[in-house]
Amino acid sequence: MWAWRDLSWPIVGIFFWWLAGRSFEALLFSRHKILLPKIRLWEVMVSLPALAFGGIWAVVLGIGQCARTEFPLWLIPAVFGSLWLVLGASTSLAYFVQWRLRRRLASSTLEQPGILTSTS
């Protein structure tokens, strides 16, 4: 069982960190009105469980009094839950920011027909 975990969890982790990296890159590029890398809806759907998991861990361990008394190192999982919350929310935020930027660029293109954008 331990050997299986040692082999499978890094593969799952690489995929999750790849999604989080794409979302942070999309957020940084959107500040310069660049729509690359394009965050797709399936990436948001995959990151939503991480968002929910991190939110539950951060809230339950951060607010719950019973977790503090029964588990003396409650702050460590609460910090990790907050990290999952931020990483999961970054994909949803990047998708929303790109959606707004696409709408804004489309409306400015309609107003000024001479502008060319390469957002495909």
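An account of the accompanying structure is given in this report. For clarity, every value in this text was computed on a predicted model and none was experimentally measured. (Residues numbered from 1 in each chain as written. Predicted model: local features only at pLDDT ≥ 70, side-chain atom pairs only at ≥ 80, totals over all residues. Heavy atoms only, no water.)

A contiguous nonpolar patch, built from W17, F53, W57, F71, L73, I76, F80, L83 and W84 and spanning about 920 Å² of accessible area, is present on the exposed surface. Among the elements of the structure, α2 (41-63) and α4 (75-111) are those that each provide at least two residues to the nonpolar patch. Ranked by residues supplied to the nonpolar patch, first place goes to α4 with four residues. Here W84 lies in helix α4. (Patch = residues over 30% accessible without salt bridge, like charges linked within 9 Å, V, L, I, M, F, W, Y side chains within 5 Å. Areas by Shrake-Rupley, 256 points an atom, 1.4 Å probe, with all protein chains shown as cover. Salt bridge = Lys/Arg side-chain N within 4 Å of Asp/Glu carboxyl O. Helix = DSSP H or I, 4+ residues; strand = E, 2+ residues; numbered from the N terminus.)

A cis amide bond links L36 to the next residue, P37, at an omega of -10°. Counting through the fold element by element, P37 comes out in the loop between α1 (2-30) and α2. Positive phi is not limited to glycine here, since K33 has a value of about 60°. Position of K33 among the secondary structure elements: in the loop between α1 and α2. Under the relative-accessibility criterion, K33 is labelled exposed at 51%. (Buried < 20%, exposed > 50% of the residue type's maximum accessible area, 1.4 Å probe, protein only.)

In this section: the packing of aromatic side chains. Two descriptors summarise a pair of aromatic rings, namely the distance from one centre to the other and the angle between the planes of the rings. Overall, the coordinates contain six aromatic pairs when judged by the stated rule. Here the aromatic rings of F96 and W99 are separated by 5.9 Å at their centres, their planes lie at 35°, and the arrangement is tilted. Taken as a pair, F96 and W99 lie in helix α4 at a separation of three residues, close to a single helical turn. Overall, the relative accessible area of 42% leaves F96 in the partly exposed class. For W99, a relative accessible area of 36% gives the class partly exposed. Here the aromatic cluster, defined as three or more aromatic residues joined through ring pairs, consists of F16, W17, F53, W57 and W84. (Phe/Tyr/Trp six-rings, centres within 6.5 Å; stacked < 30°, edge-to-face > 60°.)

Quick look at α2 now. Each full turn of the α-helix corresponds to 3.6 residues, which orients residues three or four apart in the same direction. With 23 residues, α2 extends 32 Å from end C-alpha to end C-alpha; this agrees with the ideal 33 Å at 1.5 Å per step. Of all the bends in α2, the greatest, near 30°, is centred on S47, and the proline P49 appears no more than four residues after it. (Expected span 1.5 Å × (residues − 1). Bend = angle between axes of the 7 residues up to and from the residue.)

Let us look at the packing of α1 against α2. Closest axis-to-axis distance for the α1/α2 pair is 11 Å, and the angle between their directions is 115°. In this structure, the crossing between α1 and α2 has a hand that is left-handed. Judged by residue contacts, F15, F16, W18, L19 and R22 of α1 engage W42, E43, V46 and A50 from α2. Taken together, the residues of the contact of α1 with α2 break down into seven nonpolar, no polar and two charged. (Axes fitted to C-alpha atoms, helices over the stretch in contact; angles between N-to-C directions. Left-handed = near helix turned anticlockwise from the far one by under 90°. Contact = heavy atoms within 4.5 Å. Nonpolar A, V, L, I, M, F, W, Y, C, P; charged D, E, K, R; others polar.)

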